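Residue strings, one per chain:
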Amino acid sequence: RFMGPAALGLDGNGSLYISDSTNNTIRKLVVANNAVTTIAGAAPMYGQTNGTGAAARFAAPFGITADNAGNLYTVDLQGNTVRKIVQATGAVTTIAGSGGASGSTDGTGAAARFNFPQGVAFDSSGKLYIADTGNHTIRMVTLSNNAVTTIAGMAGNPDSTDGTGTAAGFDTPTSVAWDGNGNLYIVDSGNSTIRKMVVATGVVTTIAGMAGASGTADGTGSAARFDSPHGAVIDGAGNLYVSEPNSFTIRKLVVVSGVVTTIAGSAGTAGKSDGTGTAAQFAQPMGLSLDGMGNLYIADASNNAIRKLVLASGAVTTVIG
């Protein structure tokens, strides 16, 4: 059983990690046999205590990602912190931010401040990227020293402007996805758009949707419409998958062409039915993860379930919950 699962992250060993947000826990799903265990936190205990396994406390954990060395990273939405979980031991530490203290300050470790962060991605070179939702910014954590810097957007200034670094504007960004080629894709939820950032240059562009024009229409580039999209994950072929909690759908964006299609769920129809394509139903789909074998996993928050979408066929099944 889950309660409001918000985000998913897959490691290289066939395990899916789940931020079970309302339960304030981190769960592990072994994909091979669908066994679920709680590896950190104790439902429904709330807090910011560091510790091992059930002794640790979280405050609405959201985005979650894995590095190459057996560590997980999650952002605590209400704690305004970035936490690290060692998979092998369950040891939890706070690496950036200070529990309960919100703000937008760049700094190292506990000197940094966040404002309701939701998304996190790892780039394989030792950096985390954070969608700092309440600040309308994108932050970077250098794991070698836990230094936090703002790399795009300006705190306290919701906007939709394309530009470079702090000259770019975001409105409530909720997720980030790293493509392995130096590009970060950002779900700009308040603008109902998908943005691309070339990290080396800081250049931010809007690649799908139009700021201020929400909807559910499929289309190309600015002709497509999103309705407060939330989660995102990208595959090795340049396809970005996006969840829409308010529309109850899963969308696909082909990055090179800008073509957006709805691949599962039917806009405006909430439910829990398994099925193929638009015959499937979701209730607030949020976090997404890919397993490298053509399967997309979906944290279906209001259904308290983990769903699986076979991309080749469009078939959706309920895996757990």
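Residue numbers restart at each chain and count upward from 1, following the sequence in its written direction. It should be noted that, the model being predicted, local features are given only for residues of pLDDT at least 70 and side-chain atom pairs only at 80 or more, the latter also being counted only at that level, while totals for whole chains, interfaces and linings use all residues. Each side-chain value is worked out from all heavy atoms of the structure, with water and hydrogens disregarded.

## So, the overall build of the chain
Next up, step 1: A run of H or I in DSSP counts as a helix once it spans at least four residues, and a run of E counts as a strand once it spans at least two, with each numbered from the N terminus. When its secondary structure is counted, the chain shows 0 helices and 29 strands.
Next up, step 2: Computation of the radius of gyration draws on C-alpha atoms, with the globule rule given as 2.2 Å multiplied by the number of residues to the power 0.38. Against the compact-globule benchmark of 20 Å for 321 residues, the chain has a radius of gyration of 18 Å, which places it among compact chains.
Next up, step 3: The principal-axis extent of the C-alpha atoms belonging to the chain is close to 45 × 45 × 30 Å.
Next up, step 4: Between buried and exposed lies partly exposed: a residue is buried under 20% and exposed over 50% of the maximum accessible area for its type, with that area taken using a 1.4 Å probe on protein chains only. Out of the 321 residues in the chain, the part that is buried amounts to 55%.

## Side note on the pattern of salt bridges
Next up, step 1: For salt bridges, the criterion is a side-chain nitrogen of Lys or Arg within 4 Å of an Asp or Glu carboxyl oxygen. Under the definition given, this model contains 10 salt bridges.
Next up, step 2: As a salt-bridge pair, Asp-20 and Arg-27 come within 2.7 Å of each other at their nearest N and O atoms. Pair check on accessibility: Asp-20 and Arg-27 agree, each one buried.
Next up, step 3: With a closest N to O distance of 2.6 Å, Glu-244 and Arg-251 form a salt bridge.
Next up, step 4: For Glu-244, a relative accessible area of 0% corresponds to the buried category.
Next up, step 5: Among the residues examined, Arg-251 registers a relative accessible area of 1% and is labelled buried.
Next up, step 6: Salt bridges sharing common partners tie together Asp-106, Asp-132 and Arg-139.

## Structural notes on the sheet that holds strand 14 (residues 147-152)
Next up, step 1: Strand order in this open sheet of 5 strands is 10-14-13-12-11, and the pairing throughout is antiparallel. Each end of this open sheet is capped by a strand with a single partner; those strands are strand 10 (107-108) and strand 11 (119-122).
Next up, step 2: By the bridge criterion, 4 bridges tie strand 11 to strand 12 (residues 127-132) in an arrangement that is antiparallel. Across the sheet, Val-120 pairs through a bridge with Ile-130, a residue of strand 12. Paired strands, in this sense, are two strands between which DSSP finds at least two bridges.

## Overview of the environment of Arg-83
Next up, step 1: With respect to the helices and strands, the residue Arg-83 is situated in strand 8 (residues 81-86).
Next up, step 2: Residues Arg-83 and Val-319, spaced 236 residues apart in sequence, show a C-alpha to C-alpha distance of 27 Å.

## Observations regarding the layout of surface pockets
Take a probe with the size of a water molecule and roll it over the atoms, and the empty space left behind shows itself.
Next up, step 1: Cavities and pockets are defined on a 1 Å grid built over the protein atoms alone: a cavity is a set of grid points where a 1.4 Å probe fits but cannot escape, while a pocket is an open set with protein on both sides within 12 Å along at least five of seven lines, and lining residues are those with an atom within 4 Å of any such point. Grid points are joined across faces, edges and corners, and a volume is the space filled by probe spheres set on the points. Considering only enclosed or pocket space, the largest pocket measures out at about 830 Å³ in volume.
Next up, step 2: Leu-10, Thr-65, Trp-178, Val-233 and Ser-289 are, among the 40 residues lining the largest pocket, the residues nearest its centre.
Next up, step 3: Along the lines of polarity and charge, the residues of the lining of the largest pocket split into 18 nonpolar, 16 polar and 6 charged. Gly is put with the polar residues, along with every residue not named as nonpolar or charged; the nonpolar set is Ala, Val, Leu, Ile, Met, Phe, Trp, Tyr, Cys and Pro, and the charged set is Asp, Glu, Lys and Arg.

## Digging into the nonpolar core
Next up, step 1: The biggest cluster of nonpolar side chains holds 20 residues, and the ones touching the most others in it are Val-82, Ile-95, Phe-114, Leu-128, Ile-130 and Leu-143.
Next up, step 2: Secondary-structure elements contributing two or more residues to this core are strand 7 (71-76), strand 9 (91-96), strand 11 and strand 12.
Next up, step 3: Ignoring any residue separated from it by four or fewer positions in sequence, one finds Leu-143 in contact with Tyr-73, Ile-95, Phe-122, Gly-126 and Leu-128.
Next up, step 4: Residues Ile-234, Leu-253, Val-255 and Val-260 belong to the second largest nonpolar core, which totals 15 residues. Definition of nonpolar core: a set of buried residues of the types Ala, Val, Leu, Ile, Met, Phe, Trp, Tyr and Cys, connected through side-chain atoms within 4.5 Å. The contact definition used throughout considers only heavy atoms, calling two residues in contact when any of these lie within 4.5 Å.

## Considering the pairing of strand 7
Next up, step 1: The buried fraction of strand 7 amounts to 6 of the 6 residues, a majority that puts the element mostly inside the structure.
Next up, step 2: Neither face of strand 7 is open: one carries Asn-71, Tyr-73 and Val-75, the other Leu-72, Thr-74 and Asp-76, and all of them are buried.
Next up, step 3: Note: strand 6 (residues 61-66) against strand 7, 4 bridges, orientation antiparallel. Paired with Ile-64 across the two strands is Thr-74, which belongs to strand 7.
Next up, step 4: Linkage of strand 6 to strand 7, two consecutive antiparallel strands, is achieved through a turn of 4 residues, within which Gly-70 is found at a positive phi near 85°.
Next up, step 5: As paired strands, strand 7 and strand 8 are joined by 6 bridges and run antiparallel to one another. In the sheet register, Asp-76 faces strand 8, and the bridge partner there is Thr-81.
Next up, step 6: Count of turn residues in the strand 7/strand 8 antiparallel hairpin: 4 residues, of which Asn-80 carries a positive phi of about 60°.

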